[in-house]
Amino acid sequence: MAKIIVITSGKGGVGKTTTSASIGTGLAIKGHKTAIIDFDVGLRNLDLIMGCERRVVYDFVNVINGDATLKQALIKDKRTEKLFILPASQTRDKDALTREGVEKVLNDLAEDFDFIICDSPAGIEAGALMAMYFADEAIVVTNPEVSSVRDSDRILGILQSKSRRAEVGNEPVKEHLLLTRYSPERVIAGEMLSVADVEDILAIPLLGVVPESQAVLKASNQGQPVILDDKTHAGQAYADAVSRLLGNDVQHRFLEVEKKGFFNRVIGGR
Amino acid sequence: MKLFDYFHKDPGTQSASTAKERLQIVVAHQRATRNQPDFLPEMQQEIINVIKKYVNIEQDQVSVQLDNIDNCSVLELNVTLPS
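All residue numbers refer to positions counted from 1 along the written sequence of the respective chain. Just so you know, chain letters begin at A and ligand numbers begin at 1, following the order they were written in. The model is predicted, so local features are restricted to residues of pLDDT at least 70 and side-chain atom pairs to those at 80 or more, both for listing and for counting; the totals for chains, interfaces and linings are taken over all residues. In computing side-chain properties, one takes all heavy atoms of the structure into account and sets aside hydrogens as well as water.

Novice: Honestly, the overall build of chain A in this entry has me stumped. Any pointers?
Specialist: Secondary structure elements follow DSSP: runs of H or I no shorter than four residues count as helices, runs of E no shorter than two count as strands, and numbering proceeds from the N terminus. Of regular secondary structure, chain A possesses 13 helices and eight strands. The C-alpha radius of gyration of chain A comes to 18 Å, within 12% of the 18 Å expected for a compact globule of 270 residues. Considering only C-alpha atoms, chain A reaches an extent of 65 × 40 × 35 Å along its principal axes. In the form shown here, chain A has an accessible surface area of approximately 12,700 Å², with 48% of it arising from carbon and sulfur atoms. For the purpose of charge, His is not counted, nor are the chain termini; Lys and Arg are scored as positive and Asp and Glu as negative. The location of each charge is read from NZ of Lys, CZ of Arg, CG of Asp or CD of Glu. Looking at chain A, you have 33 positive and 38 negative side-chain charges, and the mean spots of the two groups are 5 Å apart. For this measure, only C-alpha atoms enter the radius of gyration; the expected value for a globule follows 2.2 Å times N^0.38, where N is the number of residues. Here the open area of atoms and residues is found with the Shrake-Rupley method and a 1.4 Å probe, where only the protein chains shown may cover a residue.

Right, dumping it as structure tokens:
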């Protein structure tokens, strides 16, 4: 039976798709058969971030409508074994995702996958609600910035009241906080909310902190999940987060300013 | 410049604490309304409109609150009538 994890945030542009790609890849690297589903109908992007945009033939909505089988629509990742991508369609029909249709696809996937990652669109419209509805766990991607934190709190409220688990009265959706674009230098300078501040406000367990990194843009330019760039801090932070998601106790890294020599500090080198 | 920064931190740039305070307030408010039914704001407005038809009151002189006590929902309506 697969575990369904939604990657959500409320606010756009905080790194949901980047996170979906990296967490999905990380789980597959650890040997778990994983599918990543793009729920952003009309604005698909996961295929680009995963570098499989030219291999899209059928999509999520085709499968729901019975125009293609799940097997036909799933794209097997070329770099990572056990990893599959289900792209979103480019249709503008907002009601293309029906609850029954989504449920059937998830049930079919659950039969031979270990993890299903649902990459949610921004906002709290139908697509975002659908991505959250069937989730067992949620990774709430947040930037240390006021609008993102507020939206994350909104999303937590929705997870607690509108998910299937909430409706049937099962154990609530397990929530994880993933803080991205973190800059310890700016935190020290008092210009950015600290990890502790955000944890304090949202009051959910911390899954990981991904530092602001040029590697993320480089990875998306190349269509390669940043977790594969294992020499970079962002890639390493995602690998740590995957490990924690699998229940390992891993110390948080990249929360402090890297030590610079006295000479650098005085001269102002960066 | 860097050397100067090292000894002198401009309090004006300490904006993170302002952000935290503002967030704490807005999130507390958000959570208080989290378990409200979706129709409540509209119902509140309609109740206020009805009262306004008979009594000259301002918006902020009326509070409508829904509380859940055990299995029972209590709708509390508070109107400050002008003397």
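Novice: What is the right way to read the pairing of strand β7 (residues 174-182) of chain A from this model?
Specialist: Two faces make up the sheet, and in a regular strand the side chains alternate between them. Residues and elements named next belong to chain A. Only protein chains enter the accessibility calculation, which uses a 1.4 Å probe; a residue is then buried when its area is under 20% of its type maximum, exposed when over 50%, and partly exposed in between. Most of β7 sits inside the fold, with seven of its nine residues counted as buried. When β7 meets strand β8 (residues 206-211), the two strands line up parallel, connected through five bridges. Looking at β8, one finds that Tyr182 is bridged to Pro211. DSSP bridges decide pairing: two strands pair if at least two such bridges lie between them.

Novice: I tried to follow unusual backbone geometry on my own but got confused; where do I start?
Specialist: What is expected of a backbone is that most residues other than glycine have negative phi and most peptide bonds are trans. For Arg181(A), which is not glycine, the phi torsion reads 60 degrees and is therefore positive. Among the structural elements, Arg181(A) can be located in strand β7.

Novice: For this particular structure, what's the right way to read the packing of helix α10 (residues 195-202) of chain A against helix α2 (residues 15-32) of chain B?
Specialist: Helix axes are fitted only over the stretch in contact, all axes being lines through C-alpha atoms; the angle between N-to-C directions runs from 0 to 180 degrees. Running from amino to carboxyl end, α10(A) crosses α2(B) at an angle of 20 degrees, the nearest separation of the two axes being 10 Å. Relative to α2(B), the element α10(A) is oriented roughly parallel. Where α10(A) crosses over α2(B), the handedness of that crossing is right-handed. Counting all contacts with α10(A), which are made through Asp197(A), Asp200(A), Ile201(A) and Leu202(A), the residues of α2(B) involved are Lys20(B), Leu23(B), Gln24(B), Val27(B) and Arg31(B). Each angle receives one of four descriptions, namely roughly parallel if under 35 degrees, roughly antiparallel if over 145, roughly perpendicular if within 65 to 115, and oblique otherwise. Left-handed is the label given to a crossing in which the near helix is rotated counterclockwise from the far helix by less than a right angle, and right-handed is the label when the rotation is clockwise. The contact criterion used throughout is that any non-hydrogen atoms of two residues lie within 4.5 Å.

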